[in-house]
Amino acid sequence: MIQAEEFVEAARKLGFEWYTGVPCSFLTPFINYVINDTQLTYISSANEGDALATAAGAVIGGKRAVVMMQNSGLGNAVSPLTSLTYIFKIPVLIICTLRGDINLKDEPQHELMGQITDKLLETMGIPWEYFPDNAGEIAAVLQRANDYMQQEQRPYALIMRKGTVAPHALQRKEMGMGRGGEGGRGRWGEVGLSQSVNSLNTRYQVLEAIVQQTNPENTVIIATTGYTGRELFALSDRPNHLYIVGSMGCASSLALGLSLARPDLTVVVIDGDGAALMRMGNFATIGAYAGANFIHILLDNEVHDSTGAQATVSRGVSFAKIAEACSYGTTLMGSELGLIEALFMDTTQNRPKFVHLKIRPGTLENLPRPNMSPAVVLQRLMNHIHGKREK
């Protein structure tokens, strides 16, 4: 058994100062130590996939990040592990507890995952080893993880067994939490897609309005998977753009991590109705932690456009009211392009901003795909925001 301090301080020496996750009783001492330390950052996410994407965003912003989760929630992180951190080459350190360990009497819901956690990681191409249970092993374990992540730019996992870390009391309230009930400043229209489809703007027109409002020098635009990223690329391929492919629903959690790691940047995430519905829990995380440099634009055409325009269930959903209930600062809803300008001109202090914009289904003819790999697009963005010159 080790003390939480022994591992966290050794990790800090290697630059790991950002932690995201979903709690597990095995992790309690570890999480408590991180929360208690005012020089460390802990983001409590709604699910493990969002935690992973938020950590990835922090890495893009120049931080080194650790993701903590119970193995029963590892399944929630499969999509971003295989189609975000893998393809974009984003290194995060994963600490995954081993519920259902064959050497441990545990609850029945953990039985199967206890048998396959290691195999699941291996199938996803993620090297792993057991979390150290002896202080003398910590440095070597962290060095192996660090060497792999620096060389491969991909995640490395530590599997934690029960009783590995000694108890550590929580002494400090989590930062960023406790905003609930304050509400935001919202206004909504009553625009439904079924009412006047032909009068609605296209996605491309909205993207044009967004690009016109952004300065590439101090703004990052993150476009969700599907047609949104492809149309943004077709409109204007800039070094401050990131086109998310795969990991559906994770664009907003990744944007959150980047916005917190780089408060000097305005981070604009262009979301979709299907993606937002898939990971709606991240609205609450954004409302709890994000600042005024986070701008969330949700384009809602009530269909999964890129897969054949099958209907979503967004017709009866007011995402703006959800955002307000989750403590966003300003929440707008409607169909007018003027809402984009209003959002960027808003002077809300220290709170994220949101607009739910109804748009027309469909896309451009012969819509191109980005002509660079995801990893190259990300490296270009990182060079841009960190002031590195392209060779």
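This is a predicted model, so every value here is computed, not measured.

Peer 1: Explain the overall build of the protein here, please?
Peer 2: When helices and strands are tallied, the protein shows 14 helices and 15 strands. Compactness check: the protein gives a C-alpha radius of gyration of 21 Å against a globular reference of 21 Å for 391 residues, within 12% of the reference. Seen along its three principal axes, the alpha-carbon backbone of the protein occupies a region of about 65 × 50 × 40 Å. In the protein, which comprises 391 residues, the proportion classed as buried is 55%. Accessible surface for the protein amounts to roughly 16,100 Å². Of this, 49% is attributable to carbon and sulfur atoms. Charge centroids of the protein, computed over 33 positive and 37 negative side chains, lie 3 Å from each other.

Peer 1: Looking at this structure, how should I read the nonpolar core?
Peer 2: Across soluble globular proteins, nonpolar side chains show a tendency to be buried alongside one another. One finds I60, I210, I222, L242, F283, I297 and I340 to be the most contacted residues of the largest nonpolar core, which totals 86 residues. In this structure F283 touches A276, H296, L298, F319, I322, A323, C326, Y328 and F354, once residues within four positions along its chain are discounted. Formed by 31 residues, the second largest nonpolar core is a distinct cluster that contains A4, L40, I95 and V165.

Peer 1: Just to check I follow, could you spell out the pattern of salt bridges for this structure?
Peer 2: As a working rule, side chains carrying opposite charge can pair if their charged atoms are close by. One pass over the full model with this rule turns up 14 salt bridges. In this structure, the salt-bridge partner of D101 is R161, at a minimum N-O distance of 3.2 Å. Here D101, found in the loop between β4 (93–97) and α5 (111–123), pairs with R161, found in the loop between β6 (156–160) and β7 (185–187); they are 60 residues apart in sequence, far enough to count as distant. Judged by its relative accessible area of 7%, D101 is buried. The class for R161 is partly exposed, based on a relative accessible area of 31%. Across the pair E302 and R315 runs a salt bridge whose closest N-O atoms are separated by 2.8 Å.

What counts as what
- Residues numbered from 1 in each chain as written.
- Predicted model: local features only at pLDDT ≥ 70, side-chain atom pairs only at ≥ 80, totals over all residues.
- Heavy atoms only, no water.
- Helix = DSSP H or I, 4+ residues; strand = E, 2+ residues; numbered from the N terminus.
- Rg over C-alpha atoms; globule rule 2.2 N^0.38 Å.
- Buried < 20%, exposed > 50% of the residue type's maximum accessible area, 1.4 Å probe, protein only.
- Areas by Shrake-Rupley, 256 points an atom, 1.4 Å probe, with all protein chains shown as cover.
- Lys, Arg positive; Asp, Glu negative; His and termini not counted.
- Charge placed at Lys NZ, Arg CZ, Asp CG, Glu CD.
- Core = buried A, V, L, I, M, F, W, Y, C linked by side-chain atoms within 4.5 Å.
- Contact = heavy atoms within 4.5 Å.
- Salt bridge = Lys/Arg side-chain N within 4 Å of Asp/Glu carboxyl O.

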